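Structure assessment
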Amino acid sequence: MKLQRMNRRALALGALAVSGALALTACGSDDTSSGSGDSSASASTQAGSIDCGDAKNGQLLSDGSSAQKNAIDAWVAQFSKACGVQINYKAGGSGAGVTSFTQGQLAFAGSDSALKPEEVTASKKVCSGGQGIDLPMVGGPIAIGYNLSGVDNLVLDAPTLAKIFDSKITKWNDPAIAKLNPDAKLPDLKIQAFHRSDESGTTDNFTKYLKAVTPDNWKYEGGKAWQADGGQAAAQSSGVAAQVKQTNGAIGYFELSYLGDGVSPVSIDTGASAPVVPSSDSATKAIADAKVVGTGSDLALQLNYATKAEGAYPITLVTYEIVCDKGNKSDTLPATKAFLKYIASEEGQGLLPGLKYAPIPADIIGKVRTTIDGLS
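Residues numbered from 1 in each chain as written. Predicted model: local features only at pLDDT ≥ 70, side-chain atom pairs only at ≥ 80, totals over all residues. Heavy atoms only, no water.

- With an unreviewed UniProt entry as reference, the protein is termed Phosphate-binding protein, source organism Streptomyces doudnae.
- Recorded in UniProt for the protein, the comment headed Sequence similarities (unreviewed entry) runs: "Belongs to the PstS family." (UniProt positions renumbered as here; feature names shortened; annotations may be inferred.)

Put into structure tokens, the structure is as follows:
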């Protein structure tokens, strides 16, 4: 009997210890007696290795780049589980995100193009005492995906791509394509070229590549809106990818993460020793050649679209998270900072290769982390 009483007492103590440990590891605990400067308070707001900081249960509204949606979804799942903050990211396109941000509707926006001067000016109306800044967070290749029965490997270069998307090359067995693919059995089939119908940083970066490398064949001004004649349009990267997947003879541009069954990536002839396939690694090599051209706390990058570096994929974009450097809304700032710190962390960036994105190179992401710490 004495032994049984001892066993029951041990089980009760064990249960109490487990429940206490669970309470300590829950992010956003009800215990608010500790000051924000107390390191023990920071420890009590961590779940796993994600530091929730001063974030509390609530909701953040965000919109923008569809290119980074798969990354944002993965990050939100981890962060919300840890910190109890719901993040609603619409992925309505870079143009929509920037517009909504400058109208004061969002905690942060995502854009595949850095803010233009007029957009920075507009942001000052909602960033009290500050302005919108660009924080490079997600890298990745813009894959040229195609669906062509019987052709498993396809090589194209900038001039040929420009002519395809400008309706100057209209058949798959065109001599220019055949010259780049001497071993392929190219059909006498019409090319169905798909582009974005919405304003998109993906379009902006793709056309910047064409302008930089083959200006004689791409004479359009460029920007988020598609300007060339002809072709077919679909909304967002997911829409373009879906159209290519279901159309034999189709080609389109979208992020590598949108490739799937039935859609193959084009290898790009850059002038290097071998054509380059889009991948996380080949995109990171291209981003490493970028320069920071933003001023102050803005970290906008200038990519080298004409790179001929071995293994560097030239049609690469960087998605920025756009936030106020000063004057963020007090009710959303703690959660915004905590989320941005997480996605810029080694753990957050470490998720990207598995999602077919490219992590931001170490020297650049280090500057991003420092900038996030200073947001107010």
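**A closer look at the packing of aromatic side chains**
- Per the stated rule, a full pass over the model turns up ten aromatic pairs.
- Three or more aromatic residues joined by ring pairs make a cluster, and in this case those are Phe165, Phe206, Trp218, Tyr220, Trp226 and Tyr253. (Phe/Tyr/Trp six-rings, centres within 6.5 Å; stacked < 30°, edge-to-face > 60°.)

**What to know about the state of the cysteines**
- Per the counting criterion, the structure on display carries two disulfides.
- Covalently, Cys52 is tied to Cys83 through a disulfide, its sulfur atoms 2.0 Å apart. Looking down the S-S bond of the Cys52 and Cys83 bridge, the torsion is -85 degrees, so its handedness is left-handed. Here Cys83 lies in helix H3 (residues 69–83) and Cys52 lies in the loop between strand E2 (50–51) and strand E3 (58–64), a separation of 31 residues in the sequence. Both residues of the pair, Cys52 and Cys83, count as buried. (Disulfide = S-S within 2.5 Å. Helix = DSSP H or I, 4+ residues; strand = E, 2+ residues; numbered from the N terminus. Buried < 20%, exposed > 50% of the residue type's maximum accessible area, 1.4 Å probe, protein only.)

**Quick look at the pattern of salt bridges**
- With the rule as written, the count across this model stands at eight salt bridges.
- The shortest N-O distance in the salt bridge between Asp198 and Arg196 comes to 2.8 Å.
- For Asp198, a relative accessible area of 16% corresponds to the buried category.
- Overall, Arg196 belongs to the buried group, its relative accessible area being 2%.
- When the shortest N-O distance is used, the salt bridge between Asp373 and Lys341 registers 3.7 Å. Placement of Asp373 in helix H13 (residues 362–373) and of Lys341 in helix H11 (residues 333–344) is noted, with a sequence separation of 32 residues between them.
- Judged by relative accessible area, Asp373 falls into the partly exposed class, the value being 48%. (Salt bridge = Lys/Arg side-chain N within 4 Å of Asp/Glu carboxyl O.)

**A closer look at the pairing of E3**
- Of the pairings in the sheet, the one linking E3 to strand E4 (residues 85–89) comprises five bridges and is parallel in character. Note on E4: the bridge partner recorded for Gln59 is Gln86.
- Read from E3 through H3 to E4, the crossover connection turns out right-handed.
- In this sheet, strand E5 (residues 108–111) lies alongside E3 in parallel orientation, the contact comprising three bridges. Looking across to E5, one finds that Asp63 is bridged to Ala109. (Pairing = 2+ DSSP bridges. Right-handed = clockwise from strand over helix to strand, strands pointing away.)

**What about the pairing of strand E6 (residues 132–147)?**
- Most of E6 sits inside the fold, with 16 of its 16 residues counted as buried.
- As paired strands, E6 and strand E10 (residues 250–255) are joined by six bridges and run antiparallel to one another. Directly across from Gly145, in E10, lies its bridge partner Gly252.

**A look at unusual backbone geometry**
- Not every positive phi belongs to a glycine, and Ser167 is a case in point at roughly 60 degrees.
- Tracing the backbone through its elements, the reader meets Ser167 in the loop between helix H6 (158–165) and helix H7 (175–180).
- Backbone geometry places Lys356, a non-glycine residue, at a positive phi of 70 degrees.
- The residue Lys356 is located in the loop between helix H12 (346–350) and H13 in this model.

**Let's talk about the packing of H11 against H13**
- Running from amino to carboxyl end, H11 crosses H13 at an angle of 165 degrees, the nearest separation of the two axes being 10 Å. On the basis of their axis angle, the class for H11 and H13 is roughly antiparallel. Here H11 runs over H13; the crossing is left-handed. Residue-level contacts link Lys337, Leu340, Lys341 and Ala344 of H11 to Ile365, Val368, Arg369, Ile372 and Asp373 of H13. (Axes fitted to C-alpha atoms, helices over the stretch in contact; angles between N-to-C directions. Parallel < 35°, antiparallel > 145°, perpendicular 65-115°, else oblique. Left-handed = near helix turned anticlockwise from the far one by under 90°. Contact = heavy atoms within 4.5 Å.)

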